[in-house]
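Geometric and topological summary
One letter stands for each residue in the lines below.
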Amino acid sequence: MRKYVFGLILLVLLFVLAACSAKTIKVEGFSAPESVTSDGTYFYVSNVGEKLRPMDKDGDGYISRLSADGKVIERKFITGLNAPKGMTVLDGVLYINDIDHIKGYAVADGKQVLDLDFSVDGTSLLNGMTVIDDGKLLVSATDIGSLFVVDPTSNGTVRRLECDTDLFGPNGLSYDSKTGTVYLCSFGKDNQPNGIVGKGHIDGNRFYFEKTCQKIGLYDGMVYHDGEILFSDWVDFKKAGVLIRQDLETGKLSTLELGEKIGGPADLYLDTKGKRIWIPMMLENKVMIVGY
């Protein structure tokens, strides 16, 4: 009987621990948060600014730094940005898309180490960013429908990729280093929810793309992990956003149960170590952290 009671107590404890680990956390106090990334220790949130004007050079954008449990360490770790969006960390540098510039800051002290100007390319909406082979960055320019490969270690060498397929406002990017596959989702064109989801590969200066599903939407963040992709859909510009998972082998789509709809689910980050998803709630000035 005593063994039975002890076993029952152990099961209850395990259930409680599992529930706690999957607990959803919402961190408040941001200013149109657009993207989350991590250096393995800290988490960084890009803030477009006090007003949701993603293409305005108003100087009120900033980067917040948080602990792994969601505690805000420095609300304004990096300031003086315009409307920062997609980010990634590579070799101790936090790279940030800021309208028509890519800027780099040392995560150790927040000092700027890089500033690349893309205004000559006609973009005002550099958006998604991911690391690809050989320490290069792949960047999406949503407004001009283009992708750029950037080598930050070679005087900021940039090349614009050619693509025969209309990418419908490319936004979120993720990369599978094992296969060299780029996963991409688009926000859409002409203010319509006609964004697409798919995969492609880079060959020289060309990008070859194919859809992985026929569903269209206002897609923003994209993550590839272990044979599946996870991407966010604003649905509309109200509190209606969702996260969608696709099994790449079967093509099956499913919507993650988050407990609520999200206002503007933007450039999400999957913390594989902590098994949690960090989701910017752009229209609500919050970041949701949920078990995965």
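1. Quick word on the side chain of Asn82
Structurally, Asn82 can be placed in the loop between β5 (72-81) and β6 (84-90). The buried category is assigned to Asn82, whose relative accessible area is 16%. Within the local environment of Asn82, its side chain forms a polar contact with the backbone nitrogen of Asp58, the two atoms lying 3.4 Å apart. Setting aside its immediate chain neighbours within four residues, Asn82 contacts Val48, Asp56, Lys57, Asp58, Gly59, Asp60, Gly61, Asp98, Ile99 and Lys103.

2. Comments concerning the pairing of strand β16 (residues 197-203)
In the sheet, strand β15 (residues 181-186) pairs with β16 via 4 bridges, with the strands oriented antiparallel. Note on β16: the bridge partner recorded for Tyr183 is Lys199. In this structure, β16 lies alongside strand β17 (residues 206-211), joined through 6 bridges in antiparallel fashion. Each bridged residue has a counterpart across the sheet, and for His201 the counterpart in β17 is Tyr208. Counting the residues between successive antiparallel strands, the hairpin from β16 to β17 contains 2 residues, one of them, Gly204, with a positive phi of roughly 65°.

3. Concerning the sheet that holds strand β11 (residues 136-141)
Read from one edge of the open sheet, 4 strands run β10-β11-β12-β13, paired in antiparallel fashion. The open sheet is flanked by β10 (126-132) and β13 (157-160), the only strands paired with a single partner. Strand-to-strand twist of the sheet, defined as the mean angle between neighbouring strand axes without regard to direction, takes the value 25°. Bridge count between strand β12 (residues 146-151) and β13: 4 bridges; the pairing is antiparallel. Counted as the bridge partner of Phe148 is Arg160 from β13.

4. Quick word on the nonpolar core
Nonpolar side chains in soluble globular proteins tend to end up buried together. Judged by nonpolar contacts, the single largest core of 14 residues is most densely connected at Tyr95, Ile102, Phe118, Leu137, Val139 and Val150. Elements with a contribution of two residues or more to this core: β7 (93-98), β9 (112-117), β10, β11 and β12. Per-element tally for this core: the top contributor is β11, with 3 residues. In contact with Val150, other than residues within four places in its own chain, are Ile102, Leu116, Phe118, Lys136, Leu137, Val139, Thr157 and Val158.

5. Digging into the environment of Gly70
In this structure, Gly70 sits in the loop between β4 (61-66) and β5. Judged by relative accessible area, which is 9%, Gly70 ranks as buried. C-alpha separation for the pair Gly70 and Trp278, spaced 208 residues apart in sequence, amounts to 9.4 Å. Those residues within four positions of Gly70 in sequence are excluded, and the remaining contacts are Val27, Trp278 and Ile289.

6. Details of the side chain of Ser31
Position of Ser31 relative to the elements: it lies in the loop between β1 (25-28) and β2 (33-38). At 3.1 Å, the side chain of Ser31 forms a polar contact with the side chain of Glu50. Looking at Ser31, its side chain comes within polar contact range of the side chain of Tyr62, at 2.9 Å. When near neighbours in sequence (up to four residues on either side) are disregarded, Ser31 contacts Asn47, Val48, Gly49, Glu50, Tyr62 and Asn285.

7. Description of the pairing of strand β14 (residues 170-176)
Judged by how many residues are buried, β14 sits mostly within the fold: 7 of 7 residues are covered. Bridge analysis of β14 against β15 gives 5 bridges, and the strand direction is antiparallel. Looking across to β15, one finds that Pro170 is bridged to Ser186. What sits between the antiparallel neighbours β14 and β15 is a turn of 4 residues, in which Gly180 has the positive phi angle 75°.

8. A few points about the sheet that holds β17
The 4 strands lie next to each other as β14-β15-β16-β17, forming an open sheet whose pairing is antiparallel. Edge strands, defined here as strands with exactly one partner in the open sheet, are β14 and β17. If you compare each strand with its neighbour and ignore which way they point, the axes differ by 30° on average.

About the cut-offs
- Residues numbered from 1 in each chain as written.
- Predicted model: local features only at pLDDT ≥ 70, side-chain atom pairs only at ≥ 80, totals over all residues.
- Heavy atoms only, no water.
- Helix = DSSP H or I, 4+ residues; strand = E, 2+ residues; numbered from the N terminus.
- Buried < 20%, exposed > 50% of the residue type's maximum accessible area, 1.4 Å probe, protein only.
- Polar contact = N/O pair within 3.5 Å; in protein donor to acceptor, adjacent residues only side chain to side chain.
- Contact = heavy atoms within 4.5 Å.
- Pairing = 2+ DSSP bridges.
- Axes fitted to C-alpha atoms, helices over the stretch in contact; angles between N-to-C directions.
- Core = buried A, V, L, I, M, F, W, Y, C linked by side-chain atoms within 4.5 Å.

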